[in-house]
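Each chain, letter by letter, is given below.
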Amino acid sequence: LSGTSMATPHVAAAFSLAQQFEYEESGTYLPTTYVKEIFQNSGILISNWKRIDTDNALMLLDNRAPNIFLASPQSINYSKNITLSLNYSVSDIFLDTSFYNLNNNVNITLTDNITLSLDSGKYLLNLYSNDSNGNINSSSVYFEINGLSVTLNSPADNTNDIDGFVEFNCSISSFVEVANLSLY
């Protein structure tokens, strides 16, 4: 078999893929003439004919940015002695790159979830992902790493009280001004 007999199933399958892709992207179907135009613009020239390239065709249809889910860090105050993970997931059929920055500084490329080593302070984490078609999405989170450190100096653990009078001694260090300390 050769010629149009072989091309028909290939074109029909590519047409179905393009329609399904567009439906997943936008919830609508494309006019037949537009699909034909996409195939002609994205095809690979062989002699005097263009062969359909479904990857290129779908890329021309792609106008949706990657989906980003940022699980950690969260928008909370973290204690000073914590291992903080940048835990995220990204999905896109043509996913290209994911990268982040802290406090709008230098972008750092990501290949997987990472552990952040940060000092006490306030942070803005910006996470970005783009696809091969230039669609980009972002997610941001503000969080704080609390520099508060409290040490109970006395009484020592398992100390027995005989006279009903217990004196507490503690020390505190913080990167912000501390107004008071309450023991519970």
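Now for a look at the structure at hand. Each residue is numbered by its place in its chain's sequence as written, counting from 1. Only residues with pLDDT of at least 70 are given local features in this predicted model, and only at 80 or more are side-chain atom pairs given and counted; all residues enter the totals for whole chains, interfaces and linings. For side-chain calculations, the full set of non-hydrogen atoms in the structure is used, while hydrogens and water are omitted.

Overview of the sheet that holds strand β10 (residues 136-145)
Strand pairing in a sheet takes place through backbone hydrogen bonds and is either antiparallel or parallel in direction.
Then comes step 1: The five strands are arranged β4-β10-β9-β6-β7 in an open sheet whose pairing can be described as mixed. Edge strands, defined here as strands with exactly one partner in the open sheet, are β4 (77-78) and β7 (108-110).
Then comes step 2: In this structure, strand β6 (residues 95-102) lies alongside strand β9 (residues 121-131), joined through seven bridges in antiparallel fashion. Among the inter-strand pairings, F99 is bridged to a residue of β9, identified as Y128. The criterion for strand pairing is that DSSP finds at least two bridges linking the strands in question. A run of DSSP states H or I qualifies as a helix once it reaches four residues; a run of E qualifies as a strand once it reaches two. Both are numbered from the N-terminal end.

Concerning the sheet that holds strand β5 (residues 84-91)
Then comes step 1: One open sheet holds the three strands; their spatial order is β3-β5-β8, and the pairing between them is antiparallel. Looking at strand neighbours, the two that pair on one side only are β3 (67-72) and β8 (114-116), the edges of this open sheet. Here the average twist between neighbouring strands, direction ignored, is 30°.
Then comes step 2: Of the pairings in the sheet, the one linking β3 to β5 comprises five bridges and is antiparallel in character. Considered in β5, the bridge of F69 is made with S89. All axes here are fitted lines through C-alpha atoms, helices being fitted over the stretch that makes contact, and every angle between N-to-C directions spans 0 to 180 degrees.

Description of unusual backbone geometry
Then comes step 1: Between S72 and P73 the backbone carries a cis peptide bond, its omega angle lying at 5°.
Then comes step 2: Relative to the helices and strands, P73 is located in the loop between β3 and β4.
Then comes step 3: Cis geometry marks the peptide bond from S154 to P155; its omega dihedral reads 5°.
Then comes step 4: The residue P155 is located in the loop between β11 (149-154) and β12 (169-173) in this model.
Then comes step 5: Look at N103: it is not a glycine, yet its phi comes out positive at around 55°.
Then comes step 6: If you trace the backbone, N103 turns up in the loop between β6 and β7.
Then comes step 7: Of note in this structure, N104 is not a glycine but carries a positive phi near 60°.

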